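Architecture at a glance
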Amino acid sequence: MSYAVAVSNMTKDFVLKEPAKGFVGNLKSLISPKFNTFRAVDNISFKIERGERLAFIGPNGAGKSTSIKMMSGILHPTSGDISVLGLTPGKDRTQLGYKIGTVFGQRSQLWYHLPAGDTFDLLARVYDLNPKAYREKKNELVKLFEIKHLLDQPVRKLSLGQRMRCEVVASLLHGPEIVFLDEPTIGLDVTAKSIIRDLIKERSQRFGTTVFLTSHDTGDMERVCDRVIVINHGRVLFDDTIEKLRARYIKKKRVTLMTAEEDLHFEARGVNWLEKKPHKFILDVEVDKTPIDEVIATALKHARIRDLTVEDPQMEDVIKFIYRADKE
Amino acid sequence: MGKYLSFSIIAIKHGYKNKGETIARFAFYGIILLVFSSLWNAVGSEKIGLKPRDMIWYLAMTEWIVLSYPLIHTAIQEDIRTGNVAYLLTRPIPYIWVKFFEGMGTLLLRMLILAFAGFGFAYFITGGLPTNPLGLLLYFPVGIFASMVVTLYQSIIGLFSFWLQDATPIYWIFSKCNFILGGMMLPLDIYPEWLQKIAMLTPFSSFLYLPVKACLELDASLLLEALIKLTVWAVIGLIAMQLIYLRGVKKLNVNGG
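Residues numbered from 1 in each chain as written. Chains lettered and ligands numbered in written order. Predicted model: local features only at pLDDT ≥ 70, side-chain atom pairs only at ≥ 80, totals over all residues. Heavy atoms only, no water.

**Focus: the overall build of chain A**
When its secondary structure is counted, chain A shows 11 helices and 13 strands. Projected onto its principal axes, the C-alpha positions of chain A cover 65 × 60 × 50 Å. Taking all 328 residues of chain A together, the buried fraction comes to 50%. Within chain A, contacts between residues separated by at least 24 positions form 70% of all contacts whose residues are at least 6 apart in sequence. Carbon and sulfur atoms form 49% of the exposed surface of chain A, whose accessible area is close to 16,000 Å². Averaging the positions of the 52 positive and the 45 negative side-chain charges in chain A gives two centres separated by 4 Å. (Helix = DSSP H or I, 4+ residues; strand = E, 2+ residues; numbered from the N terminus. Buried < 20%, exposed > 50% of the residue type's maximum accessible area, 1.4 Å probe, protein only. Contact = heavy atoms within 4.5 Å. Areas by Shrake-Rupley, 256 points an atom, 1.4 Å probe, with all protein chains shown as cover. Lys, Arg positive; Asp, Glu negative; His and termini not counted. Charge placed at Lys NZ, Arg CZ, Asp CG, Glu CD.)

**A short note on the interface of chain B and chain A**
As a measure of interface size, the accessible area lost when the parts come together is often cited. With 30 residues of chain B at the interface, the matching set in chain A holds 33 residues. Taken together, the two surfaces of chain B and chain A that pack against each other cover about 2,900 Å², and 63% of this comes from carbon and sulfur. Inspection of the region where chain B meets chain A yields two salt bridges. The residue Asp118(A) makes a salt bridge to Lys13(B) at a minimum N-O spacing of 3.6 Å. If you look at where chain B meets chain A, you find eight residue pairs in polar contact (both at pLDDT 80 or more). (Buried area = accessible area lost by both parts, 1.4 Å probe. Salt bridge = Lys/Arg side-chain N within 4 Å of Asp/Glu carboxyl O. Polar contact = N/O pair within 3.5 Å; in protein donor to acceptor, adjacent residues only side chain to side chain.)

**A word on the environment of Met185(B)**
Residues and elements named next belong to chain B. Relative to the helices and strands, Met185 is located in the loop between helix H9 (168-180) and helix H10 (193-201). Taking the C-alpha atoms as reference points, Met185 and Phe36, separated by 149 residues in sequence, lie 8.8 Å from one another. Apart from residues lying up to four places away in sequence, Met185 is in contact with Phe36, Trp40, Met55, Tyr58, Leu59 and Phe179.

**Quick notes on the nonpolar core**
Soluble, globular proteins show a tendency: their nonpolar side chains are buried together. Among the nonpolar cores identified, the biggest contains 170 residues, and Phe46(A), Val84(A), Phe120(A) and Phe119(B) are the most heavily contacted of them. Looking at this core, the element that brings in the most residues is helix H6 (residues 95-126) of chain B, giving 14 residues. Ignoring any residue separated from it by four or fewer positions in sequence, one finds Val84(A) in contact with Ala4(A), Val5(A), Met71(A), Pro89(A), Leu96(A), Ile100(A), Ile178(A) and Phe180(A). The next biggest cluster of nonpolar side chains, apart from the first, holds 15 residues, and it includes Val271(A), Trp273(A), Ile292(A) and Ile305(A). (Core = buried A, V, L, I, M, F, W, Y, C linked by side-chain atoms within 4.5 Å.)

**Some remarks on the packing of aromatic side chains**
Residue and element names in this part refer to chain A. The tally for this structure, following the rule as stated, stands at 25 aromatic pairs over all chains. Pairing Phe46 with Phe212 gives two aromatic rings, centres 6.1 Å apart and planes at 20°, and the pair type is stacked. Of this pair, Phe46 sits in strand S2 (residues 35-48) while Phe212 is found in strand S7 (residues 210-215), placing the two residues 166 residues apart along the sequence. For the residue pair Phe46 and Phe212, the accessibility class agrees, reading buried in each case. Judged by centre distance (5.1 Å) and plane angle (40°), the rings of Phe56 and Phe212 are tilted. Of the two residues, Phe56 is situated in strand S3 (residues 53-57) and Phe212 in strand S7; the sequence distance between them amounts to 156 residues. (Phe/Tyr/Trp six-rings, centres within 6.5 Å; stacked < 30°, edge-to-face > 60°.)

**Comments concerning helix H13 (residues 220-251) of chain B**
Taking 1.5 Å per residue, 32 residues should reach 46 Å; H13(B) reaches 46 Å between its end C-alpha atoms and fits that length. Buried within H13(B) are the following residues: Leu222(B), Leu223(B), Ala226(B), Leu230(B), Trp233(B), Ala234(B), Gly237(B), Met241(B), Ile244(B), Tyr245(B), Gly248(B) and Val249(B). (Expected span 1.5 Å × (residues − 1).)

**Here's the deal with the packing of helix H2 (residues 19-43) of chain B against helix H3 (residues 52-68) of chain B**
Residue and element names in this part refer to chain B. Where H2 meets H3, the axes come as close as 10 Å, and the angle between the chain directions of the two elements is 150°. When the interaxial angle is binned, H2 and H3 end up roughly antiparallel. The two elements H2 and H3 meet at a crossing, and its hand is right-handed. Touching Arg25, Phe28, Tyr29, Ile32, Leu33, Phe36, Ser37 and Trp40 of H2 are Met55, Ile56, Leu59, Ala60, Glu63, Trp64 and Leu67, all from H3. (Axes fitted to C-alpha atoms, helices over the stretch in contact; angles between N-to-C directions. Parallel < 35°, antiparallel > 145°, perpendicular 65-115°, else oblique. Left-handed = near helix turned anticlockwise from the far one by under 90°.)

**Observations regarding a nonpolar patch on the surface**
A surface patch of nonpolar side chains, about 620 Å² in accessible area, is lined by Phe23(A), Val24(A), Leu27(A), Leu30(A) and Ile31(A). Take Val24(A): its relative accessible area is 54%, and that puts it in the exposed class. (Patch = residues over 30% accessible without salt bridge, like charges linked within 9 Å, V, L, I, M, F, W, Y side chains within 5 Å.)

**A short note on the pattern of salt bridges**
Across all of its chains, the model carries 29 salt bridges over all chains by this definition. One salt bridge in this structure joins Asp128(A) and Lys3(B), with 3.2 Å as the shortest N-O distance. In this pair, Asp128(A) sits in the loop between helix H4 (116-126) and helix H5 (131-144) while Lys3(B) sits in helix H1 (residues 2-17), so the two residues belong to two different chains. Exposure remark for Asp128(A): the relative accessible area of 47% places this residue in the partly exposed category. Here Glu167(A) ties to Arg163(A) by a salt bridge, and the two come within 3.3 Å at their closest N and O atoms. Of this pair, Glu167(A) and Arg163(A) both sit in helix H6 (residues 160-172), four residues apart, which is roughly one turn of the helix.

Shown next, in the form of structure tokens:
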């Protein structure tokens, strides 16, 4: 079977100069500097089928971005083999460029003082798109991402969420077979995150685009992907379906309740009260013991709820669960 | 070639929308000419072998190049510092050529605007055109060619950011060499002979002194020398840029992973 991505024993070391202390130390460092090797990615192997949506998650500094940059041909691995759509990224970067799309959160490929439409036109030239095919593709994406009203505004006037929608469209214009998304929702508010996640998934389902998504937000993975690889310190901790990860490790949700009444209290299995302030209450809920809807129904019996949010556990907590489970 | 020119065109559009910087350069150009015209009037420019009026025009013509060429090294540094280079490296087009052609767009826009500023100010300050007005006309294509070669070397300086993250010290040396060995403010004729010989062996004299002097004096043989030297330095620069780029992308550590 031909895989979209096949990675075998991928390792990346960075050589960093050891910082010197004091005047004498700096002088010594100038004459004979000492270097340390830092292993960012440690012997990782995995395969991704065409059309699959894979989340590559882990805390900050886990090696996610380094991996994505090696797979897109920006960085060269220290050792190991990488094949993306049958090409070797480091060697065949130009050829690969036509077949992949990339989105890097908090970075921009749009020209700051110009409308996003100008960057789209430029990218059509870069990717040698036929003018008619480009117009059709652009119209389709503009409709799907609902950015028609944004096309004539300079990028500097767009909100982060609006800009990210334009960034994603810019990365999809040439119809890439695989899209690498590096923290695409970082810094976005809840609504903007939700829009971006749904659009990426819809696009992938409609055209069979392979998605490789890195994030430290478990919500990205749950809403977009079917499979998840969890890494930490450059190593794979978990590689399976989202359902299995959820069943095994994501057993808690954090619920924040804002009430009309000053006080609120009730008891339920697996509910742990983290914070109690007048009108505001934060609870940890073990969903396998008491489902979220039951918790909310119970809360409604005791108070009038003005607002509520349900959050996934932090990535660091998921990693802790995985470590703990491995030891047990 | 079309796709590369698209980067020049979008850089022109972008530069046009971002007028603040050009206005600042416009004003700076006028101030420089005003200050140095007062200086030459006080000191006297006969010792240099140029009429006072031509001396101001010499400065206006060298500054036209110096104030127009874009600081590509800061753009490359910024791409590396912010990690934006990651976007640009995954495109099916060499990153350095993208930066070079963007730089060309910025250069041409600035040259167009600053020609009005610099030559207008020089005309106003000196009260007339240079002794050989035809030379000024000739200088437009020659000056643009020289600026393009300077922009090429700017791109090479930017590539050192792949190793150093910050290529400013290299640019600082480059700009000071342009200043002294290029004869930015004073024609090289005023230098001792040994320094003139050294300056003529470097690309800097071809960037500024030779094209300006040749056009001001309407000297065909000097103009031919300037064009040949510029072409040779352009070819050397193109080869160097490609080789350094190929080594640099292997060395690159992109921030944020």
